[in-house]
Amino acid sequence: MIERIVHEQLDDLEKAGPGADLVDVFTESVPSRVMCEMIGVPESERKSLQRHVETLGRLSSTVPEALAAVSGMSGFLARFVPTRMDDPRDDILGDLIRGGQLTEQELMGMTATLITGAMDTTGNMLAMGIFTLLEHPDQLAKLREDPELMGAAVEELLRFLTISHLGASRWALEDVEFAGQTIKKGEVVTVALPAVNRDPERYDNPDQLDIGRTDHGHLALGHGVHQCLGQHLARTILRVGYEALFDRFPTLQLAVPSGEIQMRDDFVHYGPRSLPVTWDD
Ligand code: HEM
């Protein structure tokens, strides 16, 4: 299913070019279409859900904007989940309903968590990874020469980019002594994931992108019991997406100087606002 969706979006990219915005035609659509198919969300609802998730992830959204997004999401869930409870399909939501352990409210919460967890994260990682590989032609050439490196390349891109800056937060259940500090019971600790993933005591040349690196163990997807629930799905989308794009568009390049790419620096997850690219016809 992921391969089909990736190739359908790449067909659209082919038709749109040569020259298109990858965020618009490819990186934003792929993960949101995949997640919607996995939950059984109708295609007609996808774009508006995407906009609600975006509003909620934008740190500069005003309170009325955020409340409108929450109410848009809740309205959709209140229509969608009870219908599926009456007629469960062969998808994740259907499995959760048939499992019989979640209340209607919990099913709505889980659906919202999966949608919000998947949409903004994976699309930005897909876009940032493509941008980064185009900016590191030696690494891209190495990957093209040896496609077996794709798994390691995805891990290295996750580490190097760490698009989720405020990802992992924990609430101390008791007083904890850590690195000479006391974290008091009830205090919240947020780990600066990009700093951890570029720690020179942990990684050789941490600021260098090296897809041949073998000492992964990064925290881009968090750690422990609350580690990212969608990590294997995200990795699969990234692998399939990078592989198909660079395979079908061997002359892909940025259409503007890299310094002109506008970054989303007001979002929970980091990524480009748009990614203008071009290729030889
Ligand atoms: C490259 C893409 C992704 C990145 C960088 C990412 C990153 C993260 C991070 C940093 C956390 C916090 C982990 C922690 O607190 O230890 C997290 C949690 C979570 N993610 Fe992801 N994520 C990605 C894709 C996805 C996808 C595709 C889904 C949905 C299928 C998803 C669903 C979740 C959920 C439900 C949680 C909460 C887990 C819990 O609290 O137990 N994520 N993610």
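Residue positions are counted from 1 within each chain, in the order its sequence is given. The predicted nature of this model means local features are confined to residues of pLDDT at least 70 and side-chain atom pairs, given and counted, to a pLDDT of 80 or more, with totals for whole chains, interfaces and linings taken over all residues. Only hydrogens and water are set aside; all other atoms, that is, all heavy atoms of the structure, feed into the side-chain values.

K.L.:
Would you take a moment to explain the site of the ligand for this structure?
P.N.:
Nearness is defined per residue: one heavy atom within 4 Å of the molecule or strand is enough. Near the ligand there are 24 residues, and of these Arg170, Gly222, His223, His226 and Cys228 occur at the shortest range. Whenever two N or O atoms come within 3.5 Å, that pair is a polar contact, provided that in protein one can donate a hydrogen and the other can accept it, and provided that, for residues adjacent in sequence, both atoms are side-chain atoms. One of the side-chain nitrogen or oxygen atoms of arginine 170 is found 2.8 Å away from an oxygen atom of the ligand. Between the ligand and the protein, one listed contact pairs an oxygen atom with a side-chain N or O atom of histidine 226 at 2.7 Å. A helix here means a DSSP run of H or I that spans at least four residues, while a strand means a run of E at least two residues long, and both kinds are numbered starting from the N terminus. Going through the elements one at a time, α7 (104–135) and α11 (231–248) are the ones with two or more residues in the shell around the ligand.

K.L.:
Help me understand the sheet that holds strand β1 (residues 20–21) in this model?
P.N.:
Two modes of strand pairing occur in sheets, parallel and antiparallel, and in both the strands are linked by backbone hydrogen bonds. At least two bridges found by DSSP between two strands is the condition for calling them paired. Spatially, the three strands line up as an open sheet ordered β1-β7-β6, and their pairing is antiparallel. Looking at the sheet topology across the chains shown, the edges are occupied by β1 and β6 (253–254). Pairing analysis gives two bridges linking β1 to strand β7 (residues 276–278), with the strands arranged antiparallel. From the neighbouring strand, aspartate 21 faces β7, where its bridge partner is proline 276.

K.L.:
What is the right way to look at the coordination of the iron atom of the ligand in this model?
P.N.:
Reference geometry at the metal: tetrahedral coordination by four donors gives ideal angles of 109.5 degrees; octahedral coordination by six donors gives 90 or 180 degrees. Metal donors were taken as nitrogen, oxygen and sulfur atoms no farther than 2.8 Å from the ion, or 3.2 Å where the ion is Na, K or Ca. Water is excluded, so coordination may look unfinished. Donor atoms from the protein around the iron atom of the ligand number only one, Cys228 (SG), found at 2.3 Å. Tracing the backbone shows cysteine 228 in the loop between α10 (193–197) and α11.

K.L.:
What is the right way to read the packing of helix α4 (residues 43–57) against helix α5 (residues 63–86) from this model?
P.N.:
Geometrically, a packed helix pair is captured by the angle between its two axes and the distance between the axes. Between α4 and α5, whose axes approach to 9 Å, the crossing angle comes to 140°. As α4 packs across α5, the resulting crossing turns out to be left-handed. Every residue of α5 that contacts α4 at Glu45, Leu49, His52, Val53, Thr55 and Leu56 is listed here: Glu65, Ala66, Ala69, Val70, Gly72, Met73, Phe76 and Arg79. Here an axis means a line fitted to C-alpha atoms, over the contact stretch when the element is a helix, while the angle between two N-to-C directions is reported on a 0 to 180 degree scale. Each crossing is labelled by how the near helix is turned from the far one, with a counterclockwise turn of less than a right angle marking it left-handed and a clockwise turn marking it right-handed. The contact rule is simple, with two residues in contact once any of their heavy atoms fall within 4.5 Å.

K.L.:
Even after reading the chapter, I still don't get the nonpolar core, so can you show me in this structure?
P.N.:
The nonpolar side chains of soluble globular proteins are, as a tendency, buried together. Take the buried Ala, Val, Leu, Ile, Met, Phe, Trp, Tyr and Cys residues and link them wherever side-chain atoms come within 4.5 Å; each set so joined is a nonpolar core. The buried label goes to any residue with under 20% of its type's maximum accessible area, the exposed label to any with over 50%, and the partly exposed label to all in between, with areas taken from a 1.4 Å probe on protein chains only. Counting 50 residues, the largest nonpolar core has Ile130, Tyr242, Leu245 and Leu252 as its most contacted members. Put simply, the parts of the chain that give this core at least two residues each are α1 (2–16), α2 (22–27), α3 (29–39), α7, α8 (137–145), α9 (150–161) and α11. Looking at this core, the element that brings in the most residues is α7, giving eight residues. Within the second largest apolar cluster, 20 residues are counted, among which are Val41, Leu49, Met73 and Phe76.

K.L.:
Can you help me understand a negative patch on the surface in this one?
P.N.:
A cluster of acidic residues, Glu174, Asp175, Glu177 and Glu187, forms a negative patch at the surface. Inspection of the secondary structure puts glutamate 187 in the loop between β4 (181–183) and β5 (188–190). A relative accessible area of 37% places glutamate 187 in the partly exposed class. Every patch collects residues that have over 30% relative accessible area and no salt bridge, joining them within 9 Å if they carry like charges and within 5 Å if they are nonpolar side chains (Val, Leu, Ile, Met, Phe, Trp, Tyr). Reported accessibility uses the Shrake-Rupley method at a 1.4 Å probe radius. Residues are deemed covered only where the shown protein chains occlude them. Salt bridges are defined as contacts in which a side-chain nitrogen from Lys or Arg sits within 4 Å of a carboxyl oxygen from Asp or Glu. Positive charges come from Lys and Arg alone, negative charges from Asp and Glu alone, with His and the N- and C-terminal ends not counted. Charged groups are reduced to one reference atom each: NZ for lysine, CZ for arginine, CG for aspartic acid, CD for glutamic acid.

K.L.:
Explanation requested: the pattern of salt bridges in the structure shown.
P.N.:
Any two side chains of opposite charge can pair, on the condition that their charged atoms come close. Under the definition given, this model contains 22 salt bridges. Glutamate 45 serves as the salt-bridge partner of arginine 79, at 3.2 Å between the closest nitrogen and oxygen. Of this pair, arginine 79 sits in helix α5 while glutamate 45 is found in helix α4, placing the two residues 34 residues apart along the sequence. Of the charged contacts in the structure, one is a salt bridge between arginine 213 and glutamate 156, with a shortest N-O distance of 3.0 Å. Of this pair, arginine 213 sits in the loop between α10 and α11 while glutamate 156 sits in helix α9, placing them 57 residues apart in sequence. The same class applies to arginine 213 as to glutamate 156, namely buried. Overlapping salt bridges bring together Arg4, Glu8, Arg33 and Glu37 as one network.

K.L.:
Explain the packing of aromatic side chains here, please?
P.N.:
Each aromatic ring pair is characterised by the separation of its centres together with the angle its planes make. In this analysis, rings of Phe, Tyr and Trp, with Trp reduced to its six-membered ring, are considered paired at centre separations within 6.5 Å, and the interplanar angle assigns stacked below 30 degrees, edge-to-face beyond 60, and tilted for intermediate values. For the structure shown, the criterion picks out two aromatic pairs. In this scheme, Lys NZ or Arg CZ marks a charge over a ring once it lies within 6 Å of the ring centre and within 35 degrees of the ring normal. Across from the ring centre of tyrosine 203, 4.5 Å away, lies the NZ or CZ of arginine 202, which sits over that ring. Cation over ring: arginine 264 sits above phenylalanine 267, and NZ or CZ is 3.5 Å from the ring centre.

K.L.:
Looking at this structure, I do not really get a nonpolar patch on the surface. What am I missing?
P.N.:
Together, Trp171, Leu173 and Val188 give the surface a local cluster of nonpolar side chains, amounting to about 410 Å² of exposed area. On the secondary structure map, leucine 173 appears in the loop between β2 (169–171) and β3 (176–178).

K.L.:
When you look at the side chain of threonine 111 in this model, what are you seeing that I'm missing?
P.N.:
Tracing the backbone shows threonine 111 in helix α7. Threonine 111 gets classed as buried once you look at its relative accessible area, which sits at 2%.

In short, geometric facts, not functional conclusions.
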